[in-house]
Amino acid sequence: MFPKGTKRKFSDSGEEPVSSGDQVPAAPSVATRSLTSSYSLQRQSLLDMSLIKLQLCHMLVEPNLCRSVLIANTVRQIQEEMTQDGTWQIMTQALAAAQCPTDRLVATEVLCRQTDAAAQAGQSPKPFSVGGLEEGYHAEEVVMEGDVETEVTMSTLAPVSPQLSSASYLAGPFVMGPCWDEDEEEEEEEEEEEDGECEEDEEDDSEDCVSEGEEADRDHLSPDSRTGEQVFGTFEIKHPAPPPDPALEELFSDVDPSYYDLDTVLTGMQSAPKMGPYDLLESLSSHGPTALSSSSSCRSDLNELDHIMEIIVGS
Amino acid sequence: AKQWHSNYTPSLTADIISTVEFNHSGELLATGDKGGRVVIFQQEPETKNQPQCRGEYNVYSTFQSHEPEFDYLKSLEIEEKINKIRWLPQKNAAQFLLSTNDKTIKLWKISERDKRPEGYNLKEEDGRYRDLNTVTTLRVPVFRPMDLMVEASPRRVFANAHTYHINSISVNSDCETYLSADDLRINLWNLEINDRSFNIVDIKPANMEELTEVITAAEFHPNQCNTFVYSSSKGTIRLCDMRASALCDQHAKQFEEPEDPNNRSFFSEIISSISDVKFSHSGRYMMTRDYLSVKIWDLNMESRPVETYQVHEYLRSKLCSLYENDCIFDKFECCWNGNDSVVMTGSYNNFFRMFDRGYRQDVTLEASRENSKPRSVLKPRKVSTGGKRKKDEISVDSLDFNKKILHTAWHPLDNIIAVATTNNLYIFQEKLN
């Protein structure tokens, strides 16, 4: 069973104490003051709870697909409603403002796959930061009666960058780098085939792949200002540092961020080292707004996580 | 109104019961548990001494059906928990059942041995070979009675056909085939052939990001061997005809009730998810269970159910808490009585509910040790929803959500029911006067 409740316990009675960290800029506070209705708070709380549940089910040995799908659908509904009444924008702005510039992308293992020369520069080996998620990134149908189709797809990113597709989520502990670098321009289906094959190879070439994969880091970061993603982003919390690059923004413009992390949930990552609740918190905090290079500590204070949670809930 | 009393003394089982199923005659009752074991109970023959009391159920056979496995490729454990058991109609002296965990279905043969051959010429009774010099005559070995021995042996193993977790198995009325359903696919098997299955439903989207609906249960029609239904997490039931095409992604009928706009909330979809679907014995109706209600559908009418029964409507205002503690995802089963006049399903606090379709009556009963002293009659329970709580009523806030009855079964011919609490099995029978 999951730990009861989240950091902020849902309260039917309405207002929860809203506390903002020191760093929350004035602008978002003003804007967020409009979200003080009981309904909005409840809705926000439900959203947070749902995201925690999705995260937790990454960590389970065998996440229940039906449950994951139902929770993900609930999150989508909330997100749609919040987008309609404009509160989504406000929240994402508040989050963006609260992010430290040195953040790196974390669970976007996807983007680690770029063989961008620029990205190669000065990238230190990045261990997969999300403890459980890491192990969890297995394709459902890695081997299935000869069918090498991969479940995991980031197809919304695929058109953007063919490499950032299915196989990227095949990241297991031994899959650090793609052997599919050369497949850049291929169709997604073919790519899936390749990926499937690659995955088998990767186990042999893991060493080689590792160094390639690490270059991944990028400046390609998920469009942090994008709506839905932000919400999921908060739980993988790491935001791209670099100043927005218009070319990149355009590249990612048709990304549907709401699926960004649902994908990891729905693509059947079923393996995970067994993690207790504290492990979860630690791994979440490790995607805190800190640089994630192996040389520096991957773990930030839980305080920073607290801070972020306050922003999510309070703003 | 019927009165129920216990005719089985519950014993604490080692593991959580995960499925309960009577065989076609009702003489045998199988339970599966989280540890992969199957325990079969057999009804004692009625004794002339107590004609009003149907025979008790005693343990008949116990065997380990599934073992935990480890999928090395995906680095994940495969639980040995038995998700479903389905009996095959009896064809000869032996009994057959299908049991399944998340990934593998097994066909088990349960047979009795109550005689053994004695009087071999070359062997002593204890198996030692006789000294041939002492053999002066020949005799024909004969069968002599022995203590009954019940043996369970695996006859077929149907493996490697499901990527996702199997939630249902259903034996076809042709007795030759059966279906197995996981979250996204349904496969058709021949009972004799275990290395091949046909995929008949596949709702996996090409892009898994688009996944919003999963299969939650599936069942063959009781007499039309070409017809089956499957239910989904969005509250729809699709009826398919296997004669129409090899892949039954196109449903012949789709049953869905329009949402009540007054009750709309963020939890609407979750509580509409169907946890169980069962055809009536007649084959004319089917019943579905969602989180708060049981619905009876006429197969000829797709637009809405013909009957709806509220199981625990008082939980509607608690949905957020139930979401928080994950209870909202509990999968309750439901069952019909032998003549389709009464339906039954479980609830929380070890309560279970029966709805009499004809008399339009319902009753709430509790499966507990106190109630199950032999011959003590079950007293109807009531949950108080209003401010004033009457004596003997229990308030919603006092309900124990850890005590849930997910699995119930009704004897196909008699008024005998099997109710599984977390790790106890209760068997109740109707009190006859």
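So, how was this worked out
Residues numbered from 1 in each chain as written. Chains lettered and ligands numbered in written order. Predicted model: local features only at pLDDT ≥ 70, side-chain atom pairs only at ≥ 80, totals over all residues. Heavy atoms only, no water. Helix = DSSP H or I, 4+ residues; strand = E, 2+ residues; numbered from the N terminus. Buried < 20%, exposed > 50% of the residue type's maximum accessible area, 1.4 Å probe, protein only. Contact = heavy atoms within 4.5 Å. Areas by Shrake-Rupley, 256 points an atom, 1.4 Å probe, with all protein chains shown as cover. pLDDT = per-residue confidence, 0-100. Pairing = 2+ DSSP bridges. Axes fitted to C-alpha atoms, helices over the stretch in contact; angles between N-to-C directions. Core = buried A, V, L, I, M, F, W, Y, C linked by side-chain atoms within 4.5 Å. Phe/Tyr/Trp six-rings, centres within 6.5 Å; stacked < 30°, edge-to-face > 60°. Lys NZ or Arg CZ within 6 Å of the ring centre and 35° of its normal. Polar contact = N/O pair within 3.5 Å; in protein donor to acceptor, adjacent residues only side chain to side chain. Parallel < 35°, antiparallel > 145°, perpendicular 65-115°, else oblique. Nonpolar A, V, L, I, M, F, W, Y, C, P; charged D, E, K, R; others polar. Salt bridge = Lys/Arg side-chain N within 4 Å of Asp/Glu carboxyl O.

Helix and strand counts for chain B come out as two helices and 32 strands. Across the 433 residues that make up chain B, the buried fraction comes to 55%. Expressed as a percentage of contacts within chain B between residues at least 6 apart in sequence, the contacts between residues at least 24 apart total 54%. When the accessible surface of chain B is totalled, it reaches about 19800 Å², and 48% of it is carbon and sulfur.

This next bit is on the confidence of the model for chain A. Residue and element names in this part refer to chain A. Here chain A shows a mean pLDDT of 49. Residues at 70 or above account for 18%. By mean pLDDT, the top-scoring element of chain A is helix α3 (residues 65-84) (93), and the lowest-scoring one is helix α6 (residues 131-136) (32). Between residues 8-34, whose pLDDT stays under 50, and residues either more than four places distant or in other chains, the model counts 40 contacts.

What follows covers the sheet that holds strand β21 (residues 285-289) of chain B. The strands making up a sheet are joined through hydrogen bonds of the backbone, oriented either antiparallel or parallel. All names here are of chain B. A sheet is described by the order of its strands in space; here four strands give the open sequence β20-β21-β22-β23, paired in antiparallel fashion. Each edge of the sheet is formed by a strand with only one pairing partner; in this case those strands are β20 (276-279) and β23 (307-310). On average, adjacent strands in this sheet sit at an angle of 15° to one another, irrespective of strand direction. Looking at chain direction, β21 and strand β22 (residues 293-298) are connected through five bridges and run antiparallel. Note that in β22 the partner of Y285 across the bridge is D298.

Turning next to the sheet that holds strand β15 (residues 193-202) of chain B. All names here are of chain B. Spatially, four strands are ordered β12-β13-β14-β15 in an open sheet, and the strand pairing comes out antiparallel. Of all the strands in the sheet, just β12 (168-171) and β15 have a single pairing partner and so form its edges. Here the strands of the sheet are splayed against their neighbours by 25° on average, with no regard to which way each runs. Here β12 pairs with strand β13 (residues 177-181) via four bridges, running antiparallel. Looking at the pairing, S170 lines up with L179 of β13.

With 45 residues, the main nonpolar core has L47(A), Y291(B), L315(B), L322(B), Y323(B), I328(B) and L399(B) as its most contacted residues. It is α3(A) that provides the largest number of residues to this core, a total of eight residues. Beyond its immediate stretch of four places on either side in the chain, Y323(B) contacts L46(A), M49(A), S50(A), K53(A), I71(A), T74(A), F267(B), I270(B), I328(B) and F329(B). By size, the runner-up hydrophobic cluster in this structure holds 15 residues, among which are M354(B), L365(B), A367(B) and W410(B).

Working definition: an aromatic ring pair is given by the centre-to-centre distance plus the angle between the planes. All names here are of chain B. This model, assessed by the stated rule, comprises 19 aromatic pairs over all chains. With a centroid separation of 5.1 Å and an interplanar angle of 70°, the aromatic rings of F158 and W189 are classed as edge-to-face. Residue F158 is located in strand β11 (residues 142-158), and its partner W189 is located in strand β14 (residues 185-190); the two are separated by 31 residues in the primary sequence. Comparing F158 with W189, the two get one shared label, buried. These aromatic residues form a ring-pair network of at least three members: Y291, F332, Y348 and F401. The positively charged end of K123 is found above the aromatic ring belonging to Y120, 5.2 Å away from the centroid.

Okay, the side chain of E118(B) next. Residues and elements named next belong to chain B. Note on placement: E118 falls in strand β10 (residues 105-118). In this structure the side chain of E118 is engaged in a polar contact, spanning 3.2 Å, whose partner is the side chain of R144. When sequence neighbours within four positions are dropped, the list of residues in contact with E118 reads E125, P141, V142 and R144.

Moving on, we come to unusual backbone geometry. Among all residues except glycine, the phi angle is most often negative; among peptide bonds, the trans geometry is most common. Phi angles above zero are rare outside glycine, and N350(B) is one such case at about 60°. In this fold, N350(B) is placed in the loop between β25 (342-346) and β26 (351-356).

All names here are of chain A. Interhelical geometry of α3 versus helix α4 (residues 87-98) gives an angle of 95° and a closest axis separation of 5 Å. Comparing the axis directions of α3 and α4 gives the class roughly perpendicular. Here Q79, M82 and T83 of α3 come into contact with α4, specifically with T87, W88 and M91. Among the residues making up the contact of α3 with α4, the classes are represented as three nonpolar, three polar and no charged.

In this section: the pattern of salt bridges. Residue and element names in this part refer to chain B. Counted by the stated rule, this structure contains 30 salt bridges over all chains. With its nearest N and O atoms 3.0 Å apart, the salt bridge here joins D298 to R284. Taken together, the residues span a long stretch of sequence, with D298 in strand β22 and R284 in the loop between β20 and β21 at a distance of 14 residues. Between D362 and R353 there is a salt bridge whose closest N-O contact spans 2.8 Å.

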